[in-house]
Amino acid sequence: MNENEPRTLNCGKTIEELSAYLAADRTPYDPSIEACPECLNALQGLTRVSQLFHDLITQDVTDLPAPRENWFEDIMTNIHREVRSGRSLPLPHPDKRVDLSLTEGAVLALIRSAGDIVPGLVIGTCHLKGNVEEPGAPVDVSVTASIVWNQPIPDATRTLRTHIYEALATHTALNVTSVNITIKDLHRALSDENKEN
Amino acid sequence: MNASQQHPERDRLEGVADAILVERAVDGDTAAFETLIRRHGPLMRAYTARIVGSMADADDVVQDAFHTAWRRLPELRDPAAVRPWLMRIASRLALTYLRRKPADVALPALEVALPADGQPENVAVRNAQLKALSVALDTLSEDQRRCWLLREVAELSYDDIAQEMEVPTATVRGKLARARASIYAQMEGWR
Amino acid sequence: MTPNANEDAQPLDEDLLTARVYTVDGVTDVFPPAPTLTLIPQALTAIVTGSPKRLNRVNVSTDGATTALTIRVGTSIDAATPDTAKRVADTLLDSIPDGHDATVTVQVSRIA
């Protein structure tokens, strides 16, 4: 076989064509391929090689040696340095020489913690809508959460809302006018590998 | 369990889907990002090692990939597709790394580590197939192998591969065609 | 605090201030200053203290007339954050010698 030419089957189709056909999930249906035994053999072979290749990488991952010491820590240290603070939320102080503030990032983390207390609930996105940098301005909190276990949704929502209100009242000077919770699908919450657990 | 006592945040997030982890990480949740690193890091390391040819170098590249990922996570349009997105970043950095390497340094081929003895027959056959595939990959030219990896593992489109390798799309098609034909022919005994 | 005739010549000690902040009820951490936070409103010439600046502490800048104290802290989830932040500010205010103009900037960047 000439190494420089894509392999052509006796029926005239090239491996490249068949590979593209496979990549398109064999649609639209091509009778010239599907009725040709040589092509079908080749498709089967290509599928097997593809699967084998994924097995190879999976094997690589299984046999993977551990990274050097501090590999992981080095990544996390850099990340912590760049932590997303967001906007600056004012806190009161009677003395005019003093400027007190709280970062939006800290408040979002606080809200996520409030979600972590509710069993079976995982908070996804968190949003503070409103002019949080202005003392007293009305702020609406929006949160998406996923129910992970078989929890009754109204109870979990009620509990979460209470926790969020309490946390914000205790730790911020925000004028929270609403806490809006959107519950997302259960089956999207779990990662595919852990669905059986 | 000891790990749960030490890292309650992390373990709590272990079973959570990628999309949610990404949403939290975009908002600043470092524990969520940590979980993403643990989940996808191994594949990125294995794949990058096959491109750059060394585990130590691959580890440096993947570290950089995660730094980049943290910064650019807000740009990710589909949070559920974070794995291919991470693979793209790793690919790009791996190829950049290779471009900087002097041309005369030969990249060692990676060995497939075969598992211990006492395997049933069909597993032994499969392992031999993997070894054959590994050998077949190593016989490809470097460009062909990179195209193959970018397509098969990172799942990049032809145009994206062309962009990463800084060659025309037609060139990518040609190299992929030859890579596939070559591997297919070499694996003929196993089909 | 003991009155000191040479107050103007002695800058406030960042280590001492930082140690005091750590003892404030509700404070869990002191963090490096964020880029935006160390922007002092007025243009000041910083008098650098003799010791090399480490990052996790109170930042003291002064032009001789006005002193600016800046700090980023983490607070405990078990104590009300606005109260903790106020306590930190008060602690720093108390450290300023009489007659000095000063500003105190405290940012809470983590509640845990």
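Above this note sits the structure.
These numbers were taken from a predicted model, which means no experiment stands behind them. (Residues numbered from 1 in each chain as written. Chains lettered and ligands numbered in written order. Predicted model: local features only at pLDDT ≥ 70, side-chain atom pairs only at ≥ 80, totals over all residues. Heavy atoms only, no water.)

## Things to note about the overall build of chain B
Helix and strand counts for chain B stand at ten helices and zero strands. Reading the helices (α) and strands (β) of chain B from amino to carboxyl end gives α-α-α-α-α-α-α-α-α-α. Here the contacts in chain B between residues at least 6 apart in sequence split such that 62% fall between residues at least 24 apart. If you sum the accessible surface of chain B, you get close to 8600 Å²; carbon and sulfur atoms cover 50% of it. (Helix = DSSP H or I, 4+ residues; strand = E, 2+ residues; numbered from the N terminus. Contact = heavy atoms within 4.5 Å. Areas by Shrake-Rupley, 256 points an atom, 1.4 Å probe, with all protein chains shown as cover.)

## A word on the interface of chain B and chain A
On the chain A side, the residues contacting the 64 residues of chain B number 62 residues. Roughly 5500 Å² is buried in total at the junction of chain B and chain A, and carbon and sulfur atoms are behind 61% of that figure. At the junction of chain B with chain A, the criterion picks out four salt bridges. The shortest N-O distance in the salt bridge between B:Arg50 and A:Asp60 comes to 2.8 Å. The interface formed by chain B and chain A includes nine residue pairs in polar contact (both at pLDDT 80 or more). Looking at the side of chain B that touches chain A, the elements with two or more residues in it are α3 (18–26), α4 (30–52), α5 (55–72), α7 (121–139), α8 (142–152) and α10 (169–186) of chain B. (Buried area = accessible area lost by both parts, 1.4 Å probe. Salt bridge = Lys/Arg side-chain N within 4 Å of Asp/Glu carboxyl O. Polar contact = N/O pair within 3.5 Å; in protein donor to acceptor, adjacent residues only side chain to side chain.)

## Things to note about the packing of α4(B) against helix α6 (residues 82–100) of chain B
All names here are of chain B. Taken N-terminus to C-terminus, the directions of α4 and α6 make an angle of 35°; their axes are 10 Å apart at the nearest point. For the element pair α4 and α6, the recorded crossing hand is right-handed. In contact with Leu36, Arg39, His40, Leu43, Met44, Tyr47, Thr48, Ile51 and Val52 of α4, α6 contributes Val82, Arg83, Leu86, Met87, Ala90, Ser91, Ala94, Leu95, Tyr97 and Leu98. (Axes fitted to C-alpha atoms, helices over the stretch in contact; angles between N-to-C directions. Left-handed = near helix turned anticlockwise from the far one by under 90°.)

## Details of the environment of B:Tyr97
All names here are of chain B. Along the polypeptide, Tyr97 turns up in helix α6. Sequence separation of Tyr97 and Val61 is 36 residues, and the distance between their C-alpha atoms is 7.6 Å. Not counting residues within four places of it along the chain, the set of residues in contact with Tyr97 comprises Val52, Asp57 and Val61. Among the polar contacts made by the side chain of Tyr97, one reaches the side chain of Asp57 at a distance of 2.5 Å.

## Regarding the interface of chain A and chain C
Much of the literature gives interface size as the accessible area that the parts lose upon coming together. The partner chain C presents 22 residues to the 18 residues of chain A that form the contact. Summed over both sides, the interface of chain A with chain C buries roughly 1600 Å², with 60% coming from carbon and sulfur. At the surface where chain A touches chain C, the tally comes to zero salt bridges. At the surface where chain A touches chain C, the tally comes to nine residue pairs in polar contact (both at pLDDT 80 or more). Where the side of chain A that touches chain C is concerned, the elements lending two or more residues are β1 (88–91), β2 (98–103), α5 (104–117) and α6 (153–171) of chain A. Of the residues in the side of chain A that touches chain C, the class split is seven nonpolar, eight polar and three charged. For β2(A) and strand β4 (residues 101–111) of chain C, the ladder comprises five bridges, and the chain directions are parallel. (Nonpolar A, V, L, I, M, F, W, Y, C, P; charged D, E, K, R; others polar. Pairing = 2+ DSSP bridges.)

## Notes on the packing of α8(B) against helix α9 (residues 158–165) of chain B
Residue and element names in this part refer to chain B. Running from amino to carboxyl end, α8 crosses α9 at an angle of 135°, the nearest separation of the two axes being 10 Å. Looking at the two axes, α8 sits oblique to α9. As for the relative orientation of α8 and α9, their crossing is right-handed in sense. Every residue of α9 that contacts α8 at Asp143, Arg146, Cys147, Leu150 and Arg151 is listed here: Tyr158, Ile161 and Met165. Classifying every residue of the contact of α8 with α9 gives five nonpolar, no polar and three charged. (Parallel < 35°, antiparallel > 145°, perpendicular 65-115°, else oblique.)

## Looking at unusual backbone geometry
A cis geometry characterises the amide bond from A:Thr27 onward to A:Pro28, with omega recorded as -10°. The residue A:Pro28 is located in the loop between α1 (15–23) and α2 (31–34) in this model. Of note, A:Asn70 is a non-glycine position whose phi angle comes to about 75°, a positive value. Mapping A:Asn70 onto the fold places it in the loop between α3 (37–62) and α4 (71–81). The class for A:Asn70 is partly exposed, based on a relative accessible area of 41%. Of note in this structure, B:Glu166 is not a glycine but carries a positive phi near 60°. (Buried < 20%, exposed > 50% of the residue type's maximum accessible area, 1.4 Å probe, protein only.)

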